[in-house]
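What the coordinates show
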Amino acid sequence: MVSYPAVWNTPTLGLWKVIMKPVNIISPYGGQLVDLMVPTEELDELKAYANRLPSIQLSQRQMCDLELLAVGAFSPLERFMGAADHQRVIDEMRLADGTLFPLPITLSVEPDDFIRIGQEIALRSDKNVLLAVMKIEDIYEWDRDEVAEKAFGTLDSAHPIVAEMHGWGPLNISGELRIIQLPPNHDFRELRMTPGETRTKLAAFGFENIVAFQTRNPMHRVHEELTKRAIEEVGGVLLLHPVVGMTKPGDVNHFIRVRTYKALTSNYYDSNRVLLSLLPLAMRMGGPREAILHAIIRRNYGANHLIVGRDHAGPGNDSQGNPIYGPYDAQELVAQHSGELGVKMVPFRMVAYLPEEERYEEVSKIPEGAKTLSLSGTQVRENYLSNGQLLPEWFTRPEVAEILADSYPPRHRQGLVVWFTGLSGSGKSTTAEVLTTLLLEHGRQVTVLDGDVVRTHLSKGLGFSKEDRDTNIRRIGFVASEIARHGGTVICAAISPYRAIRDEVRSMVSNDGFVEVFVDTPLEVCEARDVKGLYAKARRGEITGFTGIDDPYEPPLKSELTLDTVAHTPDQNASIILNYLIEQGFVKLV
């Protein structure tokens, strides 16, 4: 029997309905919610003015950040961070006024004539929709390595945000924001609630204690069990608050995930103890610091408890295969600052299924020798989803299993990018040509993005500076990621000499569907093969910035495959790649 505080019953159409008396829930972080939305009566005039201003188009991350600033989710922040806030945040996890805040929220731009103090600019979406007007009041340079090392604890571009930062502009700008409209979102509108709207709904449940659950993955029985235990532990309501902005590359997309959350909350939770609301956050995968940010955001939405998982918001391993963050670092940091945050940390405890008793139990409470069942994420993907098998009911509710099975094709029908990298003349294009034929033979349709061909069409006009080379690779990566997103196979053969941009492209595609092939051919062999005489021209100084001569090539630290083109022919190397793809399930045997 569930008891409710301050409850009364009223007959409605012959039925008894539980009605909750609203209560006071925790105040927003900093005391009040920031609201940057322009009043309706001022919109027409501001739109007309904004259309005459110089403008910048925001990235997906910047649009997410702008929306959370606008509605108060980042309260007490009311603008993208200026220099003083930015520096103290990366140094001490505090704003300039001393308020605890763990990660920089910034607007990075490229230099331009209109980027100057006092200038007002229009902020537009990636599709050129007018969103806001900003008055530039602060302009400052920022150091990528300093931010990466201090805020995220690593310079390794295997960390997705570290790789992504290489594509950000060198200047940060800050100033007053006037929001004309939020970035358009046409999906799940009934679940896209502002902090103010969410707080009103939570208060109406009649419980002072609200426990938030941060998730970017489908929820299985173990998550259901833990969240229900948390509801009872705090004696309150669950705010099921999944991230639907940018998450970790390779995550299940939010359209699929939200369908599973709706199925669970509709069928397996007490409707008087759960609220499903979507969070348009662009995650940084910042581990412990990001857990603090999640706590601040959830307090602004009305929660005074946050479930913090093992390796919460962790990006996984670095280039050497070592975890970037410790498994309990996030729990410890949130617990350490719990008093200042006003949000209590609820640890995500390890549980296992007891088949003989048909229930879940905390691992620490299971008798030694008792039979248990569990599935790893790898087993879920490879043994079930990739083979078209429904997940077992003890692991996942049937409704969730069906949604995942319908939405997750077998691996041989999933998108795939094979990325060849190596020196000019190493044999990338030749091996790629053979591989293309083999993949077609095995039933996979293939798109080839060769470096020379791309420069003739997609990247015509770009030079060979580091910036232009990065732009060229970024364009190839974008096209490849879009093809792979729709289940296609892409073979990319480009020198792509810089490690960070290759890692950035990997993050565009997803770790599972990106296969990096390092064509490891010695420089002297490449020079001997050079029928165009480009190496000789570079040696004579007729060509500058030539990879391997006066510009560096950074070999991969952890490529999926490394090919030897001296000991093996292109046919042999293509067969090595094909066998790898067959082993990984990307290609079916014929």
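As shown above, the structure is provided for reference.
To keep things clear, this report deals only with the structure shown in the data block.

Parameters at a glance
- Residues numbered from 1 in each chain as written.
- Predicted model: local features only at pLDDT ≥ 70, side-chain atom pairs only at ≥ 80, totals over all residues.
- Heavy atoms only, no water.
- Helix = DSSP H or I, 4+ residues; strand = E, 2+ residues; numbered from the N terminus.
- Buried < 20%, exposed > 50% of the residue type's maximum accessible area, 1.4 Å probe, protein only.
- Contact = heavy atoms within 4.5 Å.
- Areas by Shrake-Rupley, 256 points an atom, 1.4 Å probe, with all protein chains shown as cover.
- Lys, Arg positive; Asp, Glu negative; His and termini not counted.
- Charge placed at Lys NZ, Arg CZ, Asp CG, Glu CD.
- Arc of directions from axis to C-beta.
- Pairing = 2+ DSSP bridges.
- Axes fitted to C-alpha atoms, helices over the stretch in contact; angles between N-to-C directions.
- Salt bridge = Lys/Arg side-chain N within 4 Å of Asp/Glu carboxyl O.
- Parallel < 35°, antiparallel > 145°, perpendicular 65-115°, else oblique.
- Left-handed = near helix turned anticlockwise from the far one by under 90°.
- Phe/Tyr/Trp six-rings, centres within 6.5 Å; stacked < 30°, edge-to-face > 60°.
- Lys NZ or Arg CZ within 6 Å of the ring centre and 35° of its normal.

For the rest of this paragraph, the subject is the overall build of the protein chain. Counting secondary structure elements, the protein chain contains 20 helices and 21 strands. Here the C-alpha coordinates of the protein chain stretch approximately 85 × 70 × 45 Å along the principal axes. By the burial criterion, 54% of the 590 residues in the protein chain qualify as buried. For the protein chain, contacts bridging at least 24 residues in sequence account for 73% of all contacts bridging at least 6. Summed over its atoms, the accessible surface of the protein chain is roughly 26,500 Å², and 49% of this surface lies on carbon and sulfur atoms. One finds the centroid of the 61 positive side-chain charges in the protein chain at a distance of 3 Å from the centroid of its 78 negative side-chain charges.

Quick look at helix H13 (residues 398–407) now. Taken together, the buried positions of H13 are Val 400, Ala 401, Ile 403 and Leu 404. For H13, the angular spread of buried residues about the axis comes to 165 degrees, placing them on one side. Of the surrounding elements, those touching the buried residues of H13 are helix H8 (254–267).

Looking now at the sheet that holds strand S12 (residues 274–276). The strand order S12-S11-S10-S13-S14 describes an open sheet built from five strands, whose pairing is parallel. Each edge of the sheet is formed by a strand with only one pairing partner; in this case those strands are S12 and strand S14 (344–347). Ignoring which end each strand starts from, the neighbouring axes of this sheet average 25 degrees apart. Lying on the sheet, helix H7 (residues 221–234) is in contact with strand S10 (210–215), strand S11 (237–242), strand S13 (305–308) and S14; it crosses S10 at an angle near 160 degrees.

The next point concerns the environment of Phe 114. Along the polypeptide, Phe 114 turns up in the loop between strand S4 (107–109) and strand S5 (120–124). Sequence separation of Phe 114 and Ile 136 is 22 residues, and the distance between their C-alpha atoms is 9.7 Å. Not counting the four nearest positions on each side in its chain, Phe 114 is found in contact with Pro 54, Ser 55, Ile 56, Gln 119, Ile 121 and Ile 136.

To continue, consider the pattern of salt bridges. If you walk through the whole model with that rule in mind, you get 29 salt bridges. Between Asp 187 and Arg 192 there is a salt bridge; the shortest N-O distance is 3.0 Å. Here Lys 466 and Asp 470 are joined by a salt bridge, their closest N and O atoms 2.9 Å apart. In this pair, Lys 466 and Asp 470 are both assigned in helix H16 (residues 466–485), four residues apart and thus about one turn of the helix distant.

What follows is about the packing of H16 against helix H17 (residues 499–509). One can describe the packing of H16 onto H17 by two numbers: an axis separation of 9 Å at closest approach and a directional angle of 20 degrees. Considering the angle they form, H16 stands roughly parallel to H17. Considering how the two elements wind past one another, H16 and H17 form a crossing that is right-handed. Here Asp 470, Ile 473, Arg 474, Gly 477, Phe 478, Ser 481 and Ala 484 of H16 lie close against H17, whose contacting residues are Ile 501, Glu 504, Val 505, Met 508 and Val 509.

Here we have three strands laid out as an open sheet, ordered S4-S8-S7, and antiparallel in their pairing. Of all strands in the sheet, those with a lone pairing partner are S4 and strand S7 (138–141), marking the two edges. Taken pair by pair, the neighbouring strands of this sheet meet at an average axis angle of 35 degrees, ignoring direction.

The subject of this paragraph is the packing of aromatic side chains. Applying the stated criterion across every chain yields a total of nine aromatic pairs. Taking 6.5 Å as the distance between ring centres and 35 degrees as the angle between the ring planes, the aromatic pair formed by Phe 188 and Phe 255 counts as tilted. Of this pair, Phe 188 sits in the loop between strand S9 (177–179) and helix H6 (195–204) while Phe 255 sits in helix H8, and the two are 67 residues apart along the sequence. Phe 255 sits in the partly exposed class, given a relative accessible area of 44%. A network of ring pairs unites the aromatic residues Tyr 353, Tyr 360, Trp 394 and Phe 395 as a single cluster. Here the basic side chain of Arg 455 rests over the ring of Phe 464, its NZ or CZ set 4.0 Å away from the ring centre.

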